[in-house]
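Fold and geometry: a report
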Amino acid sequence: MSIALKNILGTRGLGREDISTILNTANAFKEISTRPIKKVPTLRGRTVINLFFEPSTRTRTSFEIAGKRLSADVINITGSTSSAVKGENLIDTARNLEAMNPDIIVIRHACAGAAELISHFTESSIINAGDGAHEHPTQALLDLLTIQEHKGSLDGLRVVIVGDIAHSRVVRSNIFAMKTMGMDVRLVGPPTMIPFEIERLGVEVSHNLAEAIRDADVIMMLRVQTERQNKFLLPSLREYSNLFCLTSEKLERAPEDILIIHPGPVNRGIEIALDVMQDERSLILDQVTNGVAIRMALMYLLLGGSDDGLN
Amino acid sequence: MGFDPEGVFFCPEPEIQLSSVIFNEKDISRAVTRIAHEILEKNKGADKLALVGIRTRGATLAQRLAKKINEIESTTVSLGILDITLYRDDLGTSKQSPEVKKTDISFSLEGKDIVLIDDVLYTGRTIRAAIDALIDFGRPATVQLGVLIDRGHRELPIRPDYIGKNLPTSKSNQVQVHLKEDDGVDEVILINILNKKG
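A brief look at the structure comes next. (Residues numbered from 1 in each chain as written. Chains lettered and ligands numbered in written order. Predicted model: local features only at pLDDT ≥ 70, side-chain atom pairs only at ≥ 80, totals over all residues. Heavy atoms only, no water.)

**With respect to the overall build of chain A**
How we decide: Under the DSSP-based scheme used, a helix requires at least four consecutive residues in state H or I and a strand at least two consecutive residues in state E, with every element numbered from the N terminus. Just to be clear, the radius of gyration here is over C-alpha atoms, and the globule rule we use is 2.2 Å times residues to the power 0.38. Only protein chains enter the area calculation, which uses a 1.4 Å probe; residues under 20% of their type maximum are buried, those over 50% are exposed, and those in between are partly exposed. Here, two residues are considered to be in contact whenever any of their heavy atoms come within 4.5 Å of each other. Every accessible area reported is derived by Shrake-Rupley at a probe size of 1.4 Å, with residue values counting cover from the shown protein chains alone. Positive: Lys, Arg. Negative: Asp, Glu. His and the chain ends are not part of the count. Positions of charges follow a simple convention, taking NZ of Lys, CZ of Arg, CG of Asp or CD of Glu.
Scanning chain A from N- to C-terminus turns up 11 helices and 9 strands. The C-alpha radius of gyration of chain A comes to 19 Å, within 12% of the 19 Å expected for a compact globule of 311 residues. With the C-alpha coordinates of chain A rotated into their principal frame, the extents come out at 55 × 45 × 35 Å. In chain A, buried positions account for 57% of the 311 residues. Pairs at least 24 apart in sequence give 74% of the contacts found in chain A among residues at least 6 apart. Carbon and sulfur atoms make up 50% of the accessible area of chain A, which amounts to about 12900 Å² in all. In chain A, which carries 33 positive and 38 negative side-chain charges, the distance between the mean positions of the two groups comes to 4 Å.

**Considering the interface of chain A and chain B**
For clarity, the cut-off: Salt bridges are defined as contacts in which a side-chain nitrogen from Lys or Arg sits within 4 Å of a carboxyl oxygen from Asp or Glu. Counted as a polar contact is a pair of N or O atoms within 3.5 Å, where, for protein atoms, one must be capable of donating a hydrogen and the other of accepting one, and residues adjacent in sequence contribute only when both atoms are in side chains.
With 24 residues of chain A at the contact, the number on the chain B side is 18 residues. Summed over the shared surface of chain A and chain B, the number is 0 salt bridges. Seen at the junction of chain A and chain B, the total is 5 residue pairs in polar contact (both at pLDDT 80 or more). If you list the elements that add at least two residues to the side of chain A that touches chain B, you get helix H1 (16-29) and helix H11 (284-303) of chain A.

**With respect to the sheet that holds strand E9 (residues 174-178) of chain B**
Residues and elements named next belong to chain B. The test is simple: Two strands are counted as paired when DSSP detects at least two bridges linking them. Where helices are involved, their axes are fitted lines through C-alpha atoms of the stretch in contact, as for all axes, and angles between N-to-C directions lie from 0 to 180°.
Pairing in this open sheet of 3 strands is antiparallel, and the strands run E3-E10-E9 from one edge to the other. At either end of the open sheet lies a strand with only one pairing partner, and these are strand E3 (16-23) and E9. The mean inter-strand angle of the sheet, taken between neighbouring strand axes irrespective of direction, is 25°. Across 7 bridges, the pairing between E3 and strand E10 (residues 187-194) is antiparallel. By the bridge assignment, Ile16 is partnered in E10 with Leu194. Across the face of the sheet, helix H1 (residues 25-43) comes into contact with E3, E9 and E10 while running at roughly 50° to E3.

**Some details on H1(B)**
Residue pairs spaced three or four apart in an α-helix point in one direction, given the helix's 3.6 residues per turn. Residues and elements named next belong to chain B. Rules: A helix is expected to span 1.5 Å for every residue after the first. Arc, as used here, means the arc of the directions from the helix axis to the C-beta atoms.
Taking 1.5 Å of rise per residue, 19 residues should cover 27 Å, and H1 covers 27 Å from first to last C-alpha, within 8% of that figure. Turning to H1, its buried residues number three or more, namely Ile28, Ala31, Val32, Ile35, Ala36, Ile39, Leu40 and Asn43. Seen from one end, H1 has its buried residues packed into an arc of 165°, which puts them on one side. With respect to the buried face of H1, the exposed residues turned more than 90 degrees away are Lys26, Arg30 and Glu41. Two or three places before Lys26, at the start of H1, stands the capping residue Asn24, its side-chain oxygen 3.1 Å from that residue's backbone nitrogen. Following H1 by one or two positions, Lys44 adopts a phi angle in the positive range, close to 50°.

**Digging into the pairing of strand E4 (residues 125-131) of chain A**
Residue and element names in this part refer to chain A. Condition: When the strands point away from the viewer, a crossover counts as right-handed if the route from the first strand across the helix to the second turns clockwise.
The buried fraction of E4 is high, at 7 of 7 residues. In this sheet, E4 lies alongside strand E3 (residues 104-109) in parallel orientation, the contact comprising 5 bridges. Of the residues in E4, the one forming a bridge with Ile105 is Ile126. Handedness of the crossover joining E3 and E4 through helix H4 (residues 114-119) is recorded here as right-handed.

**A closer look at the environment of A:Ile194**
Residue and element names in this part refer to chain A. Within the element layout of this structure, Ile194 appears in the loop between strand E6 (184-188) and strand E7 (204-206). With relative accessibility at 11%, the residue Ile194 sits in the buried group. On a C-alpha basis, the gap between Ile194 and His207 in space is 9.5 Å, while along the polypeptide they are 13 residues apart. Dropping the residues within four chain positions of it, Ile194 is found in contact with Ile165, Leu187, Val188, Gly189, Val205, Ser206 and His207.

**A closer look at the packing of H1(A) against helix H5 (residues 137-151) of chain A**
Residue and element names in this part refer to chain A. Quick note on the threshold: Here the word oblique covers every angle except those under 35 degrees (roughly parallel), over 145 (roughly antiparallel) and from 65 to 115 (roughly perpendicular). A crossing counts as left-handed when the near helix is turned anticlockwise from the far one by less than a right angle, and as right-handed when that turn is clockwise. Each residue receives one of three labels: charged for Asp, Glu, Lys and Arg, nonpolar for Ala, Val, Leu, Ile, Met, Phe, Trp, Tyr, Cys and Pro, and polar for the others, Gly being one of them.
At their nearest, the axes of H1 and H5 sit 10 Å apart, and the two run at 70° to each other. If you check the angle between H1 and H5, you find them roughly perpendicular. Of the two elements, H1 crosses H5, and the hand of that crossing is right-handed. Contacts between H1 and H5 involve Ile19, Ile22, Leu23, Ala26 and Asn27 from the former and Leu141, Leu144, Leu145, Gln148 and Glu149 from the latter. Looking at the contact of H1 with H5 residue by residue, the classes come out as 7 nonpolar, 2 polar and 1 charged.

**Concerning the packing of aromatic side chains**
For clarity, the threshold we go by: In this analysis, rings of Phe, Tyr and Trp, with Trp reduced to its six-membered ring, are considered paired at centre separations within 6.5 Å, and the interplanar angle assigns stacked below 30 degrees, edge-to-face beyond 60, and tilted for intermediate values. Sitting over a ring, as applied to charges here, requires NZ of Lys or CZ of Arg to be within 6 Å of the ring centre and within 35 degrees of the ring normal.
Applying the stated criterion across every chain, the model contains 2 aromatic pairs over all chains. Between the aromatic rings of A:Tyr240 and A:Phe244, the centroid separation amounts to 5.4 Å while the plane-to-plane angle is 40°, which identifies the pairing as tilted. Taken as a pair, A:Tyr240 and A:Phe244 lie in helix H8 (residues 237-244) at a separation of 4 residues, close to a single helical turn. Each of the two residues, A:Tyr240 as well as A:Phe244, counts as buried. We note A:Arg295 situated over the ring of A:Phe63; from NZ or CZ to the ring centre the distance is 4.9 Å. Positioned over the ring face of B:Tyr122 is B:Arg151, at 3.9 Å from the centre of the ring.

**A closer look at a nonpolar patch on the surface**
The cut-off we apply is this: For patch building, the residue pool is restricted to those with more than 30% relative accessible area and no salt bridge; the joining distance is 9 Å between like charges and 5 Å between nonpolar side chains (Val, Leu, Ile, Met, Phe, Trp, Tyr).
Taken together, the side chains of B:Ile16, B:Leu18 and B:Leu194 define a hydrophobic patch exposed on the protein surface, amounting to about 230 Å² of accessible area. Given the relative accessible area of 35%, B:Leu194 is considered partly exposed.

**A closer look at the sheet that holds strand E1 (residues 47-52) of chain A**
Residues and elements named next belong to chain A. Here we have 4 strands laid out as an open sheet, ordered E2-E1-E3-E4, and parallel in their pairing. Only two strands of the sheet have a single neighbouring strand rather than two, namely strand E2 (73-78) and E4. Looking at each pair of strands side by side, their axes are set apart by 15° on average, direction ignored. Pairing of E1 with E2, which is carried by 6 bridges, proceeds in the parallel orientation. In the strand pairing of E2, Leu51 is matched with Ile77. Strand contacts of H11: E1, E3 and E4, with the helix running at about 150° to E4, the strand carrying the most contacts.

This is how it looks when you write it as structure tokens:
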């Protein structure tokens with residue numbers, strides 16, 4: 001039980017076995033974060049570079065903590081402190097970092113495909129921490145771990161994903177991973193935020209939130225990405241909120257044991273009501289805890305074997 | 001039949017595995033009972049005692065020992081399970097990352113007499129990793145070692161305190177411990193491989 005992958009660029013390339021291995025490994029790693037000494041020597045002497053060209057607290061901190069708990073040396077580079085400000089292009093940045101022999105480069109970038117691009121120019125393993133509106137595989141994996149923990153298994157579960165589907169990398173990674181694990185996915189949002197022909201990925205589309213969650217096992221609320229928004233998508237945030245904000249009133253229509261997840265950061269009162277965030281079925285902070293375990297598992301699985309095991 | 005680079009046919013000697021059962025169900029049960037008594041004798045009871053089994057079969061043996069000790073002393077001895085994968089000194093030498101399973105030590109180690117339990121003691125590297133892992137959980141009063149089989153060939157200065165059976169082996173032998181909970185049968189097998197390939 002192991003994976004033979006060099007990079008984690010997306011969940012699209014991951015098979016059922018790969019995902020199960022990652023989830024099982026992460027499950028074993030969770031215990032380390034509850035010890036008084038939260039560190040194991042596994043990746044001693046290995047180097048992880050966090051290369052973040054977009055703002056992030058959760059994901060960057062999570063990768064940094066994950067690396068440090070495995071005893072790797074973690075270096076953080078953010079967009080504003082990198083040579084990108086001086087005009088260096090991404091490929092040159094990657095080549096220069098490569099010259100310092102890191103073992104893993106974690107990259108977040110506003111352009112779709114950035115992680116894959118630099119993977120062609122480095123020997124290090126690349127982990128995609130979000131590339132444009134393309135993929136954010138570690139988020140999808142931690143979502144699956146959280147769901148699996150509470151539901152026992154993933155097969156046959158019905159997930160409703162609500163919000164700006166078109167601009168969300170979290171959704172795309174989740175759709176690929178969830179379909180691979182045999183789950184049903186239903187997307188809900190205003191028509192302007194749902195891409196044309198998305199049904200071809202094997203998902204259902206609905207525009208009525210209360211209706212869509214009636215038989216759901218999990219509901220995932222997405223953040224309204226006000227920084228990527230243009231005025232043509234929504235008449236107003238208030239109207240969006242009226243129709244798509246998860247309130248306790250709408251939640252009454254859902255099954256009792258529904259799980260509520262959100263990739264964060266949350267716009268309180270816009271996509272999810274305050275009292276729903278406090279609801280015991282809301283697992284937003286469990287997701288953050290699981291994020292560290294997933295990232296530890298991936299670093300371990302990428303670096304625990306020898307080079308000839310990699311493809 | 002093979003074909004060597006110089007164009008001469010040859011027949012490789014077939015690999016033969018000779019296996020013999022050296023410990024059966026009763027032997028294992030007697031050894032566990034004796035070790036349970038020895039542990040209690042040496043530690044003068046079970047007050048400060050805790051058993052930690054090394055996954056997979058060490059954990060099973062630790063469970064059996066704990067049950068036995070609980071019977072003898074009418075107490076409930078602390079029991080933990082240790083997965084040493086993350087402390088191994090050979091990570092990165094096998095093709096893929098070895099599987100990691102859960103470690104479960106839910107009691108404080110401070111001031112405790114810890115008995116590490118494993119099935120086979122060989123090079124001692126597993127025990128080195130286990131001691132390192134244990135120390136990350138706290139500072140026990142003592143750490144002792146109990147094994148079902150000691151097959152020799154130590155590569156580190158490690159010596160067991162409780163031994164089920166001393167088994168002289170050669171390095172080409174394999175020793176397999178099978179336990180009902182994990183393998184459906186209680187036995188220890190010594191495998192002698194003749195004409196080993198590679």
